[in-house]
Amino acid sequence: MRERREREAHARAFDRAAEVYDAARPDYPADAVAWLTEGVTGPVIDLGAGTGKLTQALVGSGFDVIAVDPSPQMLGVLASRVPEADARSGAGESIPVPDSSAGLVVAAQAWHWVDRERAVPEVARVLRPGGRIGLVWNDRDESVDWVRELGELMGAGEAHFGEEGEPAVGAPFGELERHDVHWVQALTLDGLLDLARSRSYFITKDPDAQAAVIASLRRLHAEHPELAGTERIELPYVTRCYRATLG
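Residues numbered from 1 in each chain as written. Predicted model: local features only at pLDDT ≥ 70, side-chain atom pairs only at ≥ 80, totals over all residues. Heavy atoms only, no water.

### A word on the overall build of the chain
So, point 1. Scanning the chain from terminus to terminus reveals 10 helices and seven strands.
So, point 2. When contacts within the chain are restricted to residue pairs at least 6 apart in sequence, those whose partners lie at least 24 apart make up 78%.
So, point 3. Carbon together with sulfur atoms contributes 48% to the accessible area of the chain, which is approximately 11,200 Å² in total. (Helix = DSSP H or I, 4+ residues; strand = E, 2+ residues; numbered from the N terminus. Contact = heavy atoms within 4.5 Å. Areas by Shrake-Rupley, 256 points an atom, 1.4 Å probe, with all protein chains shown as cover.)

Here you go:
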């Protein structure tokens, strides 16, 4: 029960940081989008669409997209960013579309927030026979020393909620396939600080704790030998992609 309350509090935290989330969070690499949508005919439902990071890529790939998120603040940014998408209020446990109406449901940085026992049958309901679920996460590559230290200073270990483990879907879907994409996001120091400010485990800290995190990240940028005050920061990512077909 406590973990569920904490999970809900962290999920709601994004309402307070929609603009900084949109500015700081990385996009999704083209290879990841192509793999997730391979052989798919739309429409596509972007579940937990947030500010439309993945929505924009899907629309750019020629798909009709229904973007679903529970946060009015996030959907407001999405509507401005991707006016071609059909933005709707909803969640993984209650998707506001008819039965058998989509070819693909994707969830980017979002599947760990859902109640899987309710969300899996709901996703199956809205998919056509043979439809697909796709899940994707942008993970910082913490095999790199300074990136691992970055995560520790931000407090990433305080609230994973399953986002870094292997996801589970299960019946009536088949086996999950996985595809990884390695790439680099170019940032300024301000962009790196905003990345920290966009995380739920930062947003839910008190102001003094937030200030301490920002100060520690400034020191990291100034003192770590791989950064050494550089103006252009190259932050390595591994984008984990998963897909499974409705049985």
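### Points about the pattern of salt bridges
So, point 1. Summed over the entire model, instances satisfying the criterion amount to 14 salt bridges.
So, point 2. In this structure, R232 and E234 form a salt bridge, with 3.2 Å as the shortest nitrogen-oxygen distance.
So, point 3. Taking the relative accessible area as the measure of exposure, E234 reaches 44% and is therefore partly exposed. (Salt bridge = Lys/Arg side-chain N within 4 Å of Asp/Glu carboxyl O. Buried < 20%, exposed > 50% of the residue type's maximum accessible area, 1.4 Å probe, protein only.)

### Side note on the pairing of strand β4 (residues 102-108)
So, point 1. Among the seven residues that make up β4, seven are buried, leaving the element largely enclosed by the rest of the structure.
So, point 2. When strand β1 (residues 44-47) meets β4, the two strands line up parallel, connected through four bridges. Bridge pairing in β4 links V44 to L104.
So, point 3. Where β4 lies against strand β5 (residues 127-140), six bridges are found, and the strand directions are parallel. Looking across to β5, one finds that A107 is bridged to L135.
So, point 4. Regarding the hand of the β-α-β motif, the stretch spanning β4, helix α6 (residues 116-126) and β5 is right-handed. (Pairing = 2+ DSSP bridges. Right-handed = clockwise from strand over helix to strand, strands pointing away.)

### Concerning the packing of aromatic side chains
So, point 1. Summed over all chains, the structure comprises two aromatic pairs.
So, point 2. Ring geometry for W137 and Y242: centres 6.0 Å apart, planes at 80 degrees, overall edge-to-face. Highlighted residues: W137 in strand β5 and Y242 in strand β7 (residues 233-245), separated in sequence by 105 residues. For the pair W137 and Y242, a shared accessibility class is recorded, and that class is buried.
So, point 3. With 5.3 Å between their ring centres and 20 degrees between their planes, W183 and Y237 make a pair best called stacked. Here Y237 lies in strand β7 and W183 lies in strand β6 (residues 177-187), a separation of 54 residues in the sequence.
So, point 4. The ring centre of W35 lies 4.1 Å from the NZ or CZ of R243, which sits over that ring. (Phe/Tyr/Trp six-rings, centres within 6.5 Å; stacked < 30°, edge-to-face > 60°. Lys NZ or Arg CZ within 6 Å of the ring centre and 35° of its normal.)

### Thoughts on the side chain of Q185
So, point 1. Secondary-structure assignment places Q185 in strand β6.
So, point 2. Accessibility expressed as a relative area gives 10% for Q185, which makes it buried.
So, point 3. At 3.4 Å, the side chain of Q185 and the side chain of Y237 are in polar contact. (Polar contact = N/O pair within 3.5 Å; in protein donor to acceptor, adjacent residues only side chain to side chain.)

### A look at unusual backbone geometry
So, point 1. Look at the link from G42 to P43: it is a cis peptide, with omega at 0 degrees.
So, point 2. By the element assignment, P43 lies in the loop between α3 (30-37) and β1.
So, point 3. The backbone of S100 sits at a positive phi, close to 50 degrees, despite the residue not being glycine.
So, point 4. Relative to the helices and strands, S100 is located in the loop between β3 (86-89) and β4.
So, point 5. When its relative accessible area of 41% is taken as the criterion, S100 is described as partly exposed.
So, point 6. A positive phi angle is found at Q109, which is not glycine, with a value near 55 degrees.

Distances and angles like these do not, on their own, reveal function.
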